[in-house]
Amino acid sequence: MIHTKTGSGRRILTFPTVEPSESISIVTLLDSLIQLAGDILTFKSKHFSTNKQSFRETLRRIQNLLVVFEEIRIRIRNSRRYFHDSAAASSLKEIHVGFQKLKFLLEDCTRDGARLCMMMNSDQVSDHLRVLTRSISTSLSAFPVASVDLTTEVNELIDLVVRQARKYGVQPETNDKRAVSSINRILALFVNRVVPDPDEINRILDHVGIRKWGDCVKEINFLGEEIDAERLDEKKKKSSDQVELLSSLMGFICYCRCIILGRIERDDHHNHHEDGIKKDHDLIRGLKVEDLLCPISLEIMTDPVVIETGHTYDRSSITKWFGSGNITCPITGKILTSTELVDNVSVRQVIRKHCKTNGIVLAGISRRRKSHDDVVPESLAAKGAGKLIAKFLTSELINGGEEMIYRAVREIRVQTKTSSFNRSCLVKAGAVTPLLKLLSSVDIRIQENAMAGILNLSKHVTGKSKIAGEGLKILVEILNEGAKTETRLYSASALFYLSSVEDYSRLIGENPDAIPRLMNIVKGDDYGDSAKRSALLAVMGLLMQSDNHWRVLAAGAVPILLDLLRSGEISGGLTADCLATLAKLAEYPDGTIGVIRRGGLKLAVKILSSSEDSPVAVKQHCVGLILNLCLNGGRDVVGVLVKNSLVMGSLYTVLSNGEYGGSKKASALIRMIHEFQERKTGSVEPNLQRGRFVHAW
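Residues numbered from 1 in each chain as written. Predicted model: local features only at pLDDT ≥ 70, side-chain atom pairs only at ≥ 80, totals over all residues. Heavy atoms only, no water.

Caption draft 1: Just the overall build of the protein chain, in detail. Each helix and strand counted, the protein chain has 33 helices and 7 strands in total. The 697 residues of the protein chain split such that 56% are buried. Here the protein chain displays about 30600 Å² of accessible surface, and carbon together with sulfur accounts for 50% of that area. (Helix = DSSP H or I, 4+ residues; strand = E, 2+ residues; numbered from the N terminus. Buried < 20%, exposed > 50% of the residue type's maximum accessible area, 1.4 Å probe, protein only. Areas by Shrake-Rupley, 256 points an atom, 1.4 Å probe, with all protein chains shown as cover.)

Caption draft 2: Quick look at unusual backbone geometry. Unusually for a residue other than glycine, Asn51 sits at a positive phi of about 50°. Residue Asn51 is classed as buried on the basis of its relative accessible area of 0%. Located in the positive-phi region is Arg193, a residue other than glycine, with phi close to 55°. Of note, Arg193 is situated in the loop between α7 (174-191) and α8 (198-208).

Caption draft 3: Main features of the environment of Val558. Tracing the sequence through the fold places Val558 in helix α26 (residues 557-567). Owing to a relative accessible area of 3%, Val558 belongs among the buried residues under this scheme. Separated by 34 residues in sequence, Val558 and Thr592 place their C-alpha atoms 9.8 Å apart. Not counting chain neighbours up to four residues away, the residues in contact with Val558 comprise Leu553, Leu582, Leu585, Gly594, Val595 and Arg598. (Contact = heavy atoms within 4.5 Å.)

Caption draft 4: Region of the structure containing the side chain of Thr50. Relative to the assigned elements, Thr50 resides in the loop between α1 (26-41) and α2 (52-79). Only 2.9 Å separates the side chain of Thr50 from the side chain of Asn51, close enough to count as a polar contact. Aside from chain neighbours lying at most four places away, what touches Thr50 is Phe55, Cys109, Met118, Met119, Ser122, Val125 and Asp176. (Polar contact = N/O pair within 3.5 Å; in protein donor to acceptor, adjacent residues only side chain to side chain.)

Caption draft 5: Seen up close, the confidence of the model for the protein chain. Summary statistics for the protein chain give a mean pLDDT of 83 and a share of 86% for residues scoring 70 or more. Counted against residues more than four places away or in other chains, residues 264-286, with its pLDDT under 50, gives 44 contacts. With pLDDT under 50 throughout, residues 688-694 is counted as low confidence; its partners more than four residues away or in other chains account for 14 contacts. (pLDDT = per-residue confidence, 0-100.)

Caption draft 6: The arrangement of the side chain of His207 in detail. Of note, His207 is situated in helix α8. Those residues in contact with His207 that sit more than four places away from it in its chain are His47, Phe48, Ser49, Lys52, Met119, Asn175, Asp176 and Ala179.

Caption draft 7: Representation of the packing of helix α30 (residues 616-633) against helix α31 (residues 635-643) in the model. Contact geometry of α30 with α31 gives a least axis separation of 6 Å together with a crossing angle of 135°. Relative to α31, the element α30 is oriented oblique. Between α30 and α31, the residues in contact are Ile626, Leu629, Cys630 and Gly633 and Arg635, Asp636, Val637, Val638 and Leu641, respectively. Tallied by class, residues from the contact of α30 with α31 come to 6 nonpolar, 1 polar and 2 charged. (Axes fitted to C-alpha atoms, helices over the stretch in contact; angles between N-to-C directions. Parallel < 35°, antiparallel > 145°, perpendicular 65-115°, else oblique. Nonpolar A, V, L, I, M, F, W, Y, C, P; charged D, E, K, R; others polar.)

Caption draft 8: Spatial organisation of the packing of aromatic side chains. Per the counting criterion, the structure on display carries 4 aromatic pairs. On the numbers, 6.1 Å between centres and 65° between planes, the contact of Phe69 with Phe99 is edge-to-face. Here Phe69, found in helix α2, pairs with Phe99, found in helix α3 (residues 86-110); they are 30 residues apart in sequence, far enough to count as distant. Here Phe69 matches Phe99 in class, with each residue buried. (Phe/Tyr/Trp six-rings, centres within 6.5 Å; stacked < 30°, edge-to-face > 60°.)

Caption draft 9: Local environment of helix α6 (residues 152-167). Here α6 is 16 residues long and its end C-alpha atoms lie 22 Å apart, about the 22 Å a rise of 1.5 Å per residue gives. Considered for burial, the residues of α6 that qualify are Val154, Leu157, Ile158, Val161, Val162 and Ala165. Burial along α6 is one-sided: seen end-on, the buried residues are contained in an arc of 130°. Projecting away from the buried face of α6 at angles above 90 degrees are the exposed residues Thr152, Glu153, Arg163, Arg166 and Lys167. Residues of α6 that are buried sit in contact with α2 and α5 (122-141). (Expected span 1.5 Å × (residues − 1). Arc of directions from axis to C-beta.)

Caption draft 10: View of the pattern of salt bridges. Taken as a whole and judged by the stated rule, the model has 25 salt bridges. Where Arg506 meets Glu510, a salt bridge forms, and the shortest distance between an N and an O atom there is 3.2 Å. Of this pair, Arg506 and Glu510 both sit in helix α22 (residues 502-510), 4 residues apart, roughly one helical turn. With a relative accessible area of 30%, Arg506 lands in the partly exposed category. (Salt bridge = Lys/Arg side-chain N within 4 Å of Asp/Glu carboxyl O.)

Caption draft 11: Spotlight on the nonpolar core. In this structure, Phe69, Phe99, Phe252 and Leu651 are the most contacted members of the largest nonpolar core, which totals 215 residues. For this core, the element with the highest residue contribution is helix α10 (residues 239-264), accounting for 13 residues. (Core = buried A, V, L, I, M, F, W, Y, C linked by side-chain atoms within 4.5 Å.)

Caption draft 12: Examining the sheet that holds strand β5 (residues 304-306) more closely. Pairing is antiparallel across the open sheet formed by 3 strands, whose spatial order is β6-β5-β7. The strands lining the two open edges of the sheet, one partner per strand, are β6 (312-314) and β7 (342-343). Pairing analysis gives 3 bridges linking β5 to β6, with the strands arranged antiparallel. In the sheet register, Pro304 faces β6, and the bridge partner there is Asp314. The strands that helix α12 (residues 315-323) touches are β5, β6 and β7; relative to β6, the one it contacts most, it runs at about 90°. (Pairing = 2+ DSSP bridges.)

Caption draft 13: Just α7, in detail. An ideal rise of 1.5 Å per residue puts 26 Å on 18 residues; α7 measures up with 26 Å between its terminal C-alpha atoms. Among all positions of α7, only Asp176, Ala179, Val180, Ser182, Ile183, Ile186, Leu187 and Phe190 are buried. Looking down the long axis of α7, one finds its buried residues gathered within 160° of arc, a one-sided arrangement. Summarising the geometry of α7, the exposed residues directed more than 90 degrees from the buried face are Thr174 and Lys177. Where α7 terminates, the next one or two residues include Arg193, which has phi positive at roughly 55°.

Caption draft 14: Examining the environment of Lys459 more closely. Inspection of the secondary structure puts Lys459 in the loop between α18 (444-457) and α19 (461-470). The class of Lys459 is buried, set by a relative accessible area of 7%. Counting along the chain gives 35 residues from Lys459 to Ser424, while the straight-line C-alpha distance between them is 10.0 Å.

Right, dumping it as structure tokens:
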């Protein structure tokens, strides 16, 4: 996709032109033609990915035409009479349209990111260029030179341009044919998982002008956009063949980025990633980049979707959450009536722009996918390339020096973020074990990126198994000893993914340091709300295993969460998470006792009765917490609610707002309060058991 200055998009090798107005004057038309010719000649200094010789010849002819048009304009202006010749106007209008198309073709063939794609379309480029040059020369030959008093030199120049266009037709060039043949040969080697000759690849890259790691990033982003556009173009019968070719080229350029240019462009690779890490934490159009992160995975979302509660997640993360048997919103804890996912188009557009601006590779971003987060390359060549890349990167982890290892873990971080196929290849190549060992690295860059890679691999079924079998201890250590805050949060998120499997959740809980260290993050003053929420999400995941309930209580979760709520300095999202966790703990009698004895009921009632501006999720979780306290605390707790005149009004407010599912819980509480009041007057038999003796207030 070519993006113009106005922001509109144009597919490569498409030429949307504007016909000059019928009433346009000859002089105005000439002014526009001269401007267009000048724009076209600016491409003389640029690198052409294909048809280099033909474009150079064409630009020389345009230079001659510029002289012709300037001379015609001078003659008309000097004549001091109105000049109008329908044949001249028709000829110049046709040339104007041809110039517009030629400018588009030049943009395509010099566009950063489209070099490989344009070279593979060299035959089509030749055809377009041949048609355009002949069309321009034909229109020029129809210009009535006799109507303008031109010099002999200018008339000869016109004849020269026309003769050259007719005599020297544009043909596919030998170097392009050789490069295309080499790529097809390399793609065939990829199919059989045979390592190609790096010298041959370098010759191809030199030919098209791909010289840096960052150039590969641009190529990958462009190919991803083209694949998306092809999938949307359902009218094209050959769309699937084109997608297969584009997928193969994606595999080729990824191989070049990881293996060929990864070795050559050390400084570029290093600086590009360091800049990317820095820019990942900058602001984009008033938004913090953390707003673009999935609340579950803590990675930039590749396919943002909205669930019933209105919260946005990465499709892969929320799908796995639902697939693990959870039917609640991870942020609010609301039980969902539907697990339908709706594309968040606006967030996707912001993420796409952010990644393009900062050179971040996020190939998973798309407008539409046939199979979300199961993005298997749509060609055998791309699959083979992916397996060769995984094997190479794993070898670098094991045998490489410090800088090689750093580049490998950075690349693995990118590769594991893009698709389940890449994760599968790396798991099968044995990348998990060396990545786990690198978590002990003294190089904080290596440790952080290795942890990010482990986080992404924890989304893979076999990856989970290997990480749980070999790495639980080191993951727990990283929670406390990770050199960077990001590293510790990646560890917390990895534990969340592992906790979706019951056996692994039990193993994590049995580690005596796991839950306390997660709660230390929730408690710590050095962590922001986003970090606290990530750790709390992992704790919530562990609470899905009932054996972990007492462990969370023993780690001091209740006083930590209540202190956070009392501080009044946390965001609405973290407030809702704290209340949701307390509500989960209060599902059991010992959790209820812990909350009530530390003043949790009074605090929950205060939050429920506070300003109506509080987020709906906060109100809902307040109701859920109070309901569980009543169910386990008995009529003493309900009696406290009856004494507070504000409670019923707040409950009816929640009852009237059914969007977040709080209405059922609010209704149950209202019914309890009514029954308690009626029991006091003797009009109804009590349904509530006194149960435990708890000082509710």
